[in-house]
Amino acid sequence: MAKSKEPKQIITDQEALDFHAQGKPGKVAICPTKPLTTQRDLSLAYSPGVAVPCLEINKNPKKAYDYTAKGNFVAVISNGTAVLGLGDLGALASKPVMEGKAVLFKRFADIDAIDIEVDTKDPDEFINCVRYLGPSWGGINLEDIKAPECFIIEDKLRELMDIPVFHDDQHGTAIITVAGMINAAHLTGRKFSDMKIVVNGAGSAGIACLELLKAMGIKSNNAILCDTKGVIYKGRTDGMNQWKSAHAADTKARTLAEAMDGADVFLGLSVKDAVTKEMVKSMAKKPIIFAMANPDPEISPEDIRSVRKDAIIATGRSDYENQVNNVMGFPYIFRGALDVEASTINDEMKIAAAEALAELARQPVPDEVMLAYAGRKMQYGPEYIIPVPFDPRLITTVPVAVAKAAMKSGVAQKPIADMNAYVQQLRARLNPTANSMNLIFDRIVANPQTIIFSEGEEEQILRAAHLWYENGFGKAILVGREKVINENLRRLGIKNDGWLEIANAAKSTHNEKYIKFLYKRLQRKGYLYRDVTRIVKNDRNIFAACMVACGDGDAVVTGLTRGYNQTLENICKVIDHKPGKRVFGISVMIGKDQNTVLISDTTVHALPSAEELADIAVQTAAEARLMGHEPRVALLSFSNFGNPLHEKAARVRDAVAVLDSRNVDFEYDGEMGADVALNYKLMQQFYPFSRLTGPANVLVMPALHSANISSKLLQEIGGGTLIGPLLVGLEKPVQILQMGATVSDILNIAAMAALDAIESKQNSGGEVKKLKKA
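Here, residues in each chain are numbered from 1, in the same order as that chain's written sequence. Confidence filtering applies because this is a predicted model: local features only for residues at pLDDT of at least 70, side-chain atom pairs given and counted only at 80 or more, and all residues used for totals across whole chains, interfaces and linings. For the side-chain quantities, the full set of heavy atoms in the structure was used; hydrogens and water were omitted.

Chemist: Help me understand helix H8 (residues 168–188), please; the structure alone is not making it clear to me.
Modeler: Along an α-helix, residues three or four positions apart point the same way, because every turn accommodates 3.6 residues. To qualify as a helix, a DSSP run of H or I must reach at least 4 residues; to qualify as a strand, a run of E must reach at least 2; elements of each kind are numbered from the N terminus. By this rule the span expected of a helix is its residue count minus one, scaled by 1.5 Å. Between the first and last C-alpha of H8 there are 29 Å, a value that for 21 residues agrees with the 30 Å anticipated at 1.5 Å per step. Between buried and exposed lies partly exposed: a residue is buried under 20% and exposed over 50% of the maximum accessible area for its type, with that area taken using a 1.4 Å probe on protein chains only. Buried residues dominate H8, accounting for 19 of its 21 residues. One or two steps after H8, the chain reaches Gly189, where phi turns positive at roughly 70 degrees.

Chemist: Which parts of the structure should I look at to understand the confidence of the model for the chain?
Modeler: Any residue range with low pLDDT should be treated as having predicted coordinates unsuitable for detailed reading. Per-residue pLDDT for the chain has a mean of 90; in total, 94% of the residues score no lower than 70. Across residues 1–9, confidence stays below pLDDT 50; counting only partners more than four residues off in sequence or on other chains, it has 24 contacts. Confidence of the predictor at the level of single residues is captured by pLDDT, which takes values from 0 to 100. Here, two residues are considered to be in contact whenever any of their heavy atoms come within 4.5 Å of each other. Throughout residues 766–774 the model reports pLDDT below 50, and contacts reaching past four residues in sequence, or to other chains, amount to 20 contacts.

Chemist: How do you make sense of the side chain of Gln449 when you look at a structure like this?
Modeler: Positionally, Gln449 belongs in the loop between helix H19 (432–446) and strand E11 (451–453). Not counting the four nearest positions on each side in its chain, Gln449 is found in contact with Trp468, Phe473, Gly474, Lys475, Asp554, Ala754, Ala757, Ile758 and Lys761.

Chemist: Explain a nonpolar patch on the surface to me, please; I cannot follow it from the model alone.
Modeler: On the surface, a cluster of nonpolar side chains totalling about 320 Å² of accessible area is made up of Leu84, Leu86 and Leu89. Inspection of the secondary structure puts Leu84 in the loop between strand E1 (73–78) and helix H5 (95–109). Residue class for Leu84 comes out exposed when judged on its relative accessible area of 61%. Only residues whose relative accessible area exceeds 30% and that form no salt bridge are eligible for patches; like-charged ones are grouped when within 9 Å, while nonpolar side chains (Val, Leu, Ile, Met, Phe, Trp, Tyr) are grouped when within 5 Å. All accessible-area figures derive from a Shrake-Rupley calculation using a 1.4 Å probe, and residue coverage is judged against the displayed protein chains alone. Any Lys or Arg side-chain nitrogen located within 4 Å of an Asp or Glu carboxyl oxygen qualifies as a salt bridge.

Chemist: Sorry if this is basic, but what is going on with the packing of aromatic side chains here?
Modeler: Aromatic rings considered in pairs are described by the distance between their centres and by the relative angle of their planes. Classification of ring pairs rests on two measures: the distance between centres of Phe, Tyr or Trp rings, Trp counted by its six-membered ring, which must be within 6.5 Å, and the angle between planes, read as stacked under 30 degrees, edge-to-face over 60 and tilted in between. All chains considered together, the criterion is met by 14 aromatic pairs. Judged by centre distance (5.5 Å) and plane angle (80 degrees), the ring pair of Tyr514 and Phe543 falls under edge-to-face. With a gap of 29 residues between them, Tyr514 in helix H22 (residues 511–522) and Phe543 in helix H24 (residues 540–549) connect regions that are remote in the sequence. Assessed through its relative accessible area of 1%, Phe543 is described here as buried. Joined through ring pairs, the aromatic side chains of Phe105, Phe166, Phe330 and Phe334 make up one cluster. Lysine and arginine charges are scored as sitting over a ring when NZ or CZ, respectively, is within 6 Å of the ring centre and within 35 degrees of the ring normal. Its guanidinium or amino end placed over the ring of Phe330, Lys101 lies 4.2 Å from that ring's centre, counting from NZ or CZ. The aromatic ring of Tyr233 is capped on one face by Arg254, whose charged end is 3.6 Å from the ring centroid.

Chemist: Please explain the sheet that holds strand E13 (residues 500–503) as it appears in this structure.
Modeler: Within a sheet, adjacent strands bond to each other through the backbone by hydrogen bonds, running parallel or antiparallel. Note on pairing: DSSP must find at least two bridges between two strands before they are called paired. In space, the five strands of this open sheet follow the order E13-E12-E11-E14-E21, with parallel pairing throughout. The strands lining the two open edges of the sheet, one partner per strand, are E13 and strand E21 (734–736). Here the strands of the sheet are splayed against their neighbours by 20 degrees on average, with no regard to which way each runs. Sheet analysis places strand E14 (residues 555–558) next to E21, joined by three bridges and oriented parallel. The partner of Val556 across the bridge, within E21, is Val734. Lines fitted to C-alpha atoms define the axes, with helix axes restricted to the stretch in contact, and inter-axis angles between N-to-C directions lie between 0 and 180 degrees.

Chemist: For this particular structure, what's the right way to read the packing of helix H14 (residues 330–339) against helix H18 (residues 419–429)?
Modeler: What describes two packed helices is the angle between their axes and the distance between those same axes. Packing of H14 against H18 brings their axes to within 13 Å, and their N-to-C directions diverge by 130 degrees. The pairing of H14 with H18 is recorded here as oblique in orientation. Between H14 and H18 the crossing geometry is right-handed. Taken together, the residues of H18 that come into contact with H14 (itself represented by Arg335, Gly336 and Asp339) are Tyr422, Leu426 and Arg429. Under the scheme applied, nonpolar residues are Ala, Val, Leu, Ile, Met, Phe, Trp, Tyr, Cys and Pro; charged residues are Asp, Glu, Lys and Arg; polar residues are all the others, including Gly. Here the contact of H14 with H18 is composed, by residue class, of two nonpolar, one polar and three charged. Relative orientations are named as follows: roughly parallel for angles under 35 degrees, roughly antiparallel for angles over 145 degrees, roughly perpendicular for angles from 65 to 115 degrees, and oblique for any other angle. The handedness criterion is simple: a crossing whose near helix is rotated anticlockwise from the far helix by less than a right angle is left-handed, and one whose near helix is rotated clockwise is right-handed.

Chemist: Where do I start with the pairing of strand E5 (residues 197–200) in this structure?
Modeler: Each regular strand carries side chains that alternate between the two faces of the sheet. Going residue by residue along E5, you find Ile197 and Val199 tucked away on one face and Val198 and Asn200 tucked away on the opposite face as well. Here, the term right-handed applies to a crossover whose path from the first strand over the helix to the second runs clockwise when the strands point away from the viewer. In the classification by handedness, the crossover that spans E5, the intervening helix H9 (residues 204–215) and the parallel strand E6 (residues 223–227) is right-handed. Judged from the four bridges that link them, E5 and strand E8 (residues 265–268) form a sheet pairing that is parallel. Within E8, the position partnered with Ile197 by the bridge is Val265.

Chemist: I'm lost on the packing of H5 against H14 in this one. Help?
Modeler: Axis separation between H5 and H14 bottoms out at 9 Å; the angle between their running directions is 70 degrees. What the angle tells us is that H5 and H14 run roughly perpendicular. Of the two elements, H5 crosses H14, and the hand of that crossing is right-handed. Contacts from Lys101, Leu104, Phe105, Phe108 and Ala109 of H5 reach H14 at Phe330, Pro331, Tyr332, Phe334 and Arg335.

Chemist: Explain unusual backbone geometry here, please?
Modeler: Leave glycine aside and you will find that most residues have negative phi; peptide bonds, for their part, are mostly trans. For the bond running from Ser600 to Asp601, omega is -10 degrees, close enough to zero to count as cis. Mapped onto the secondary structure, Asp601 falls in the loop between strand E16 (596–600) and helix H26 (610–626). The peptide bond linking Gly670 to Glu671 adopts the cis configuration, its omega dihedral lying at 0 degrees. Mapping Glu671 onto the fold places it in strand E18 (residues 667–672). Backbone geometry places Asn322, a non-glycine residue, at a positive phi of 60 degrees. Mapping Asn322 onto the fold places it in the loop between strand E10 (312–315) and H14. One non-glycine residue, Asn663, adopts positive backbone phi at about 55 degrees. Mapped onto the secondary structure, Asn663 falls in the loop between helix H27 (650–662) and E18.

Chemist: Before we go on, may I ask you to explain the side chain of Thr567 in this structure?
Modeler: Structurally, the position occupied by Thr567 is in helix H25 (residues 564–574). Distance and chemistry together define a polar contact, namely a pair of N or O atoms within 3.5 Å, with one atom able to donate a hydrogen and the other to accept it when in protein, and with adjacent residues in sequence counting only for side-chain atoms on both sides. Of note is the side chain of Thr567, whose polar atom sits 2.8 Å from the backbone oxygen of Gly563. Ignoring anything within four residues of it in the chain, the contact list for Thr567 reads Asn541, Thr558, Gly559, Arg562 and Ile736.

Chemist: Teacher, can you tell me more about the pattern of salt bridges here?
Modeler: Enumeration over the complete set of coordinates arrives at 41 salt bridges. A salt bridge links Arg335 to Asp339; the shortest N-O distance between them is 2.7 Å. One end of the pair, Arg335, and the other, Asp339, are both in helix H14, four residues apart, so they sit about a helical turn from each other. For Arg335, a relative accessible area of 0% puts it in the buried group. In this structure, Arg443 engages Glu759 in a salt bridge whose closest nitrogen and oxygen atoms are separated by 3.0 Å. With Arg443 in helix H19 and Glu759 in helix H31 (residues 743–763), this pair connects stretches of sequence that are 316 residues apart. Neither Arg443 nor Glu759 differs from the other in exposure class; each is buried. If you follow the salt bridges from partner to partner, you end up with Arg582, Glu611, Glu612, Asp615 and Arg662 in one network.

Structure, rendered in structure tokens:
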């Protein structure tokens, strides 16, 4: 069991404000999905071409799903009356939360979402506003609306509208809770029909949980609902409403303590410290306790364990096992509902989602997920009854179950004929690299690494190093002068309260060790002892590289203020390449459409030979697999399979022949142009003999100039995100930044350096438990 700890303040208020204000303010934007570069494009997108789909939709409203974005479009709607745990902030102040929810829809299920803030507290006005805007979207996610108005609003909108209307605060929590409850009941040998349950918290989430559990088989006479005034019993009049009255119990119990005596299950959706150890002691054998108040549960897992070793426990927090997290629900539920054009999200679909999540928790956990959550028991049992949020299988599990339930219950207006093809479509929707980065950061939290930042006096480095520590990624060592670093920290408002170590190259007590180490390497390469002494004490990259080479840190991040080639040259004076490996750079490009392409070599080999190109292809394919991609490698040229047959393309053709002779275990082909490599329809039309089964996701460039220029062009005008270049092939983990890198860039590069360190320790049988790589 994870140790108890206070929620860690990983960001300051100013950092949160800066994050929302930088670049384009906010977190969402509208991007066109069709080309708009010519007059013809504009004529098709707007007048006169747009009139044609308008007329078709007028004839048949269902055509809106074919000719507009409606089928992949959800509105996140609130009036701001119950914003997070902050209360009634009003419609406008809820906008950052609604934008955030819209981003989660896109990130986890590739659903386009827009936030709508309705400035009224009157349920009828709210209902009419949403009702008449309804044709715009394929579904509606209601959010942060206080009870009991949320019940009125959702019920009426579901009655009036023919698209899914889903209040996530109610049903999202209920679905994840029921998923955990299914497995908890299974592990303790209970049936829903026999379980006695107490729910503390009669707000929207508590009532929704109880209703869904009753739909699963919990009997009304075995369920007690409590609020701040105690048990909701038949005949009670104080603080009642129709939704509470519907669950009033025929019981003599009047307090939470009395209700919990002999109960099998406790569900908490209330406040911190609502439950005592004595209450837990009074429960039945093998009690099931879901203490889901945030940020602090009704009773801590440690307190539960101190009196009941046989309990199964879940909370709403990520630092304990069995987190009840809505993000495992709403994106995937809407994904399945939208894909069959469901008219509603009914109980059958909610139960199907819960059962799918429960079943997923019983399956063997993928290695990449276990690595990310290292230190926790990722095997079905009392400490693993609910999947974790970054499990990549969620996108291909929950939507399928929801879609099938919609079809079976008769609310699907567009049934799916080929479910296997649908699973493949779902798998293709998400970008594995984005998911992999989250898994990488989670893995680092479980295996913290010490990063040596060689340019420790720079503002971006100071901010990134502080975030590295605050996020729990590990320790930061800043190379630089103590006075300058501390002055800069004070200017930035960052307290140096022991979170960092400063290493001054000129004064380090380890210099004698570093000098002896480096002199042994360079004494036959023209360096005198005094030369080595000078560069160790005066060159921050040499000094930092010596630190990691001598085991005084896990990885080095450098390059912010010095050219890449000069930096790499200095690093290579200290650190060798891995035996049998090439040292080169990989740029990872994530496009607007979330497709990911790895480009190599973007940093080192000016004009690689055929043998070098083959080596680069093999190593880049291996990196692609680590990021969650099955590599399809294209060796690029200006010619396509001998057209034109030019001697300048011979190296690339020869590299393909080298790969042929090696019997590698990934798809590859060439030589081919970039358009053919990335446009699979073009490839199939003109080169049907190509070995690639889809568009290439690894591009091996014929020369450094083409690789470097193309990756930087993509970064500047392509509108995507570039990670890297990532340096591969060195014996010790080192990453070189681009000059002028942002704090976010630095954190990403530091994460890749830390991952390299973790992998190296595993492969050498070091301090991290060795697990099979994904």
